[in-house]
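Residue-level structural notes
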Amino acid sequence: MEKITMIGFGSWGIAMACVLAKNGHDVTMYEPNKELADMLNKERTNERSLPGIVIPPSVCITADADVSMQSDVVIVAVSSKQIPDVMSVVAPKLRKGQILASASKGLIEARQMRITEYLQELAPQCRIACFSGPSHAEEVSREMPTAVVAASKCEQAAQKLQDVFSNENFRVYTSNDVIGVELGGVLKNVIALAAGISDGLGYGDNTKAAMMTRGMAEIARLGVAMGANIYTFAGLSGIGDLIVTCTSKHSRNWRGGNLLAAGKDVQTVLAEVNMAVEGINTAKTVLALAHRHNVKMPIVEEINKVLYEGKDPKTVVKDLMSRDLIAE
């Protein structure tokens, strides 16, 4: 049994806590808002984020950040926008050798950094890792078979995460390609917006397959330019996560694109989804990284025009199809 702190009461944080509790670990969920923590302790559910799922009674819920220093593993499962505020409180309390893992699929926008880079900067005393892969919380929490990747430059840290999470319904692979695993989980969100737009406009499977495949080419180009192993993008955290995010009813990013196709503006989309849509949060930062690394990402460019320049989604597919003809 390991002592594990989960930071975040969203759908993914609850789903991961359910897996860990089932595996017999000592799990504490940290919520900085004491009023919310008290309410969650009483109700044991977050109906907005993960309706119908009850947090196991063995999971402790607290507003005391000191619990993080007592754990063997600390997992950050809040949205990318929340990480700076949360970690400013938690990071100084972490001790040498602890595993600090990101389960968030976004970027630190203000710094144009990957989340694990940011965590390493804030908590250099810790062993940094990340989770990614095709893993909708709605299915994980209901014990549907799922496979993900735990990545760390420290092999022992990745193996520890593999050991504490793995069971007959949740299989964890390990990787040392933190950049590739992390970027796969981030970049597919922007492509999923494009897939949602395609479906929302009434286009068929051919269109979405082309969007996904060319989207993966863009993901791999930027990933390799930033230091990732290209083969990582053929795995669970690459093509696996892209497939599930572009095709599933559970995908917030696909739904966001679908609403954009209906002519709704960004603020309306975010209000209707009513949860973090990381593709919208990170699209501008992804494009900035592409420019920095001199990588062409035409789908990402078009999505940014829809989000921030008011471009009509109906013209996105037409303009992409009309680009200069090239070799694959």
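These numbers come from a predicted model, not from an experiment.

1. Digging into the packing of helix α8 (residues 205-225) against helix α9 (residues 236-247)
Between α8 and α9, the least distance of the axes is 11 Å, while the angle of their chain directions is 140 degrees. Classified by the interaxial angle, the pair formed by α8 and α9 is oblique. As for how α8 packs across α9, the hand of that crossing is right-handed. Together, Lys-208, Met-212, Met-216 and Ile-219 of α8 and Gly-238, Ile-239, Leu-242, Ile-243, Cys-246 and Thr-247 of α9 make up the contact between the two elements.

2. Section: the pattern of salt bridges
Scanning the entire structure with this criterion turns up 18 salt bridges. Here Glu-182 and Arg-114 are joined by a salt bridge, their closest N and O atoms 2.8 Å apart. Here Arg-114 lies in strand β7 (residues 113-114) and Glu-182 lies in helix α7 (residues 178-200), a separation of 68 residues in the sequence. Of the two residues, Glu-182 and Arg-114, both sit in the buried class. Residues joined by salt bridges that share partners form a network here, namely Glu-302, Lys-305, Lys-311 and Asp-319.

3. A look at empty space enclosed by the protein
This structure, assessed with the given rule, holds one cavity of 30 Å³ or more. Estimates place the volume of the largest cavity at around 30 Å³. Ser-102, Ser-104, Lys-105, Cys-130, Phe-131, Ser-132, Val-181, Glu-182 and Gly-185 are the residues that line the largest cavity. Secondary structure elements with two or more residues in the lining of the largest cavity: β8 (127-132) and α7.

4. A look at the packing of aromatic side chains
Tallied over the full model, the rule gives two aromatic pairs. Both rings, one in Phe-131 and one in Phe-165, keep their centres 4.8 Å apart while their planes meet at 75 degrees; by these two values the pair is edge-to-face. One end of the pair, Phe-131, is in strand β8; the other, Phe-165, is in helix α6 (residues 155-165), and 34 residues separate them in sequence. As far as burial versus exposure is concerned, Phe-131 and Phe-165 are alike and both buried. With a centroid separation of 6.0 Å and 45 degrees between ring planes, the pair formed by Phe-165 and Phe-170 is classed as tilted. Accessibility classification places Phe-165 together with Phe-170 in one group, the buried group. Here the aromatic cluster, defined as three or more aromatic residues joined through ring pairs, consists of Phe-131, Phe-165 and Phe-170. A cation sits over an aromatic face here: Lys-284 above Tyr-308, 4.2 Å from the ring centre.

5. Notes on the state of the cysteines
Evaluation of the coordinates by the stated rule reveals zero disulfides. We note that Cys-126 lacks a disulfide partner, and the nearest cysteine sulfur, in Cys-154, lies 12 Å from it. Cys-246 forms no disulfide, and the closest cysteine sulfur to it belongs to Cys-130, at a distance of 20 Å. In this structure Cys-246 comes out as buried when scored by relative accessible area, which is 0%.

Thresholds applied
- Residues numbered from 1 in each chain as written.
- Predicted model: local features only at pLDDT ≥ 70, side-chain atom pairs only at ≥ 80, totals over all residues.
- Heavy atoms only, no water.
- Axes fitted to C-alpha atoms, helices over the stretch in contact; angles between N-to-C directions.
- Helix = DSSP H or I, 4+ residues; strand = E, 2+ residues; numbered from the N terminus.
- Parallel < 35°, antiparallel > 145°, perpendicular 65-115°, else oblique.
- Left-handed = near helix turned anticlockwise from the far one by under 90°.
- Contact = heavy atoms within 4.5 Å.
- Salt bridge = Lys/Arg side-chain N within 4 Å of Asp/Glu carboxyl O.
- Buried < 20%, exposed > 50% of the residue type's maximum accessible area, 1.4 Å probe, protein only.
- 1 Å grid on protein atoms, 1.4 Å probe; cavity = no way out; pocket = protein on both sides within 12 Å on 5 of 7 lines; lining within 4 Å.
- Points joined across faces, edges and corners; volume = space filled by probe spheres on them.
- Phe/Tyr/Trp six-rings, centres within 6.5 Å; stacked < 30°, edge-to-face > 60°.
- Lys NZ or Arg CZ within 6 Å of the ring centre and 35° of its normal.
- Disulfide = S-S within 2.5 Å.

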